[in-house]
Every structure is written in structure tokens, then in C-alpha cells.
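Fold and contact review
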Amino acid sequence: MTTSPEMWDIILGKMPRRHWILLEEIYRLIEHEASLSNEDFEPQSPNSDIPKWKRNVRNVLQYRKTTGDIRWNGKAGYYLS
């Protein structure tokens, strides 16, 4: 399973800086750059078809917002300075 630090490293290394980026673009970035395992593609919960790795990306972004490493526009946009 892809770890949160691995996801953050990809975001830091590949996400464009000083531009607002939509969450869907971050998903595409992670999907393209990470070595996602079968476990990553399992549903995030019994009542959801969304894969675990997308929940984990949101968790990484949520945490990094609290540390000031990334900004959020209150919708689906993220900004790395």
C-alpha cells in the first residue's frame, strides 16, 4: 500500500508550484507517479466504490493544510508555494 509520505513526496516533487491545482489533477498525478498496489484500489469503506488511495491523498492534503505546507481554496483547489 502506498504510504502518506510517498504521496506527499510525489506531490512536492511533481505538483506545479504557484498555481491552483484541482484535486482531480492531484489524483491523476498520484495515479501516474505512484506504484499503487491492489490494496490501494480496494474500496475506502464497505459502502463506497472510491479507492483507498484517493482517501489517503485527501488525508495527506488535509494534514498538510494544518501544517501550512499547502493552501486550500475552500473548494477543490490546492496551492503549493
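We now turn to the structure provided with this report. Since this is a predicted model, take the numbers as computed values, not measurements. Sequence positions are assigned chain by chain, starting from 1 and proceeding in written order. Two thresholds apply to this predicted model, a pLDDT of at least 70 for residue-level local features and 80 or more for giving and counting side-chain atom pairs, whereas whole-chain, interface and lining totals are computed over all residues. No hydrogens and no water enter the side-chain calculation; it runs on all heavy atoms of the structure.

Here the focus is the overall build of the chain. Strands are runs of DSSP state E lasting at least two residues, helices are runs of H or I lasting at least four, and both sets are numbered from the N terminus onward. Regarding its fold elements, the chain presents three helices and three strands. The secondary structure elements of the chain, listed N-terminal to C-terminal, are α-β-α-α-β-β. In this treatment the radius of gyration is a C-alpha quantity, and the globule benchmark scales as 2.2 Å times the residue count to the 0.38 power. In terms of overall size, the chain behaves like a compact globule, its C-alpha atoms giving a radius of gyration of 12 Å where 81 residues would be expected to give roughly 12 Å. Taken over the C-alpha atoms alone, the chain extends approximately 35 × 25 × 20 Å along its principal axes. Buried residues are those whose accessible area, probed at 1.4 Å on protein chains only, stays under 20% of the maximum for their type, while exposed residues exceed 50% and partly exposed ones sit between those limits. Counting every position in the chain, which comprises 81 residues, the buried fraction comes to 35%. Look at the contacts in the chain between residues 6 or more apart in sequence, and 56% of them connect residues 24 or more apart. Residue-level accessible areas treat just the shown protein chains as cover; the underlying method is Shrake-Rupley with a 1.4 Å probe. Only carbon and sulfur atoms are counted for the fraction: they give 48% of the accessible area of the chain, which is about 5200 Å². Neither His nor the chain termini are counted; the positive set is Lys and Arg, and the negative set is Asp and Glu. Charge coordinates come from a single atom per side chain, which is NZ of Lys, CZ of Arg, CG of Asp or CD of Glu. For the chain, the distance from the average site of its 12 positive side-chain charges to the average site of its 11 negative ones is 9 Å. Throughout, a contact is declared for two residues whenever any of their heavy atoms are within 4.5 Å.

The term salt bridge refers to a pairing of a side-chain nitrogen on Lys or Arg with a carboxyl oxygen on Asp or Glu at a separation within 4 Å. All told, the structure shown has two salt bridges when counted by the stated rule. Notably, a salt bridge pairs K52 with E42, separated by 3.2 Å at the nearest N-O pair. Of this pair, K52 sits in helix α3 (residues 52-67) while E42 sits in the loop between α2 (23-33) and α3, and the two are 10 residues apart along the sequence. A residue is classified by how much of its surface remains accessible, and K52, at 17% relative accessible area, is buried. With relative accessibility at 39%, the residue E42 sits in the partly exposed group. A salt bridge links D69 to R64, with the nearest nitrogen and oxygen atoms 2.7 Å apart.

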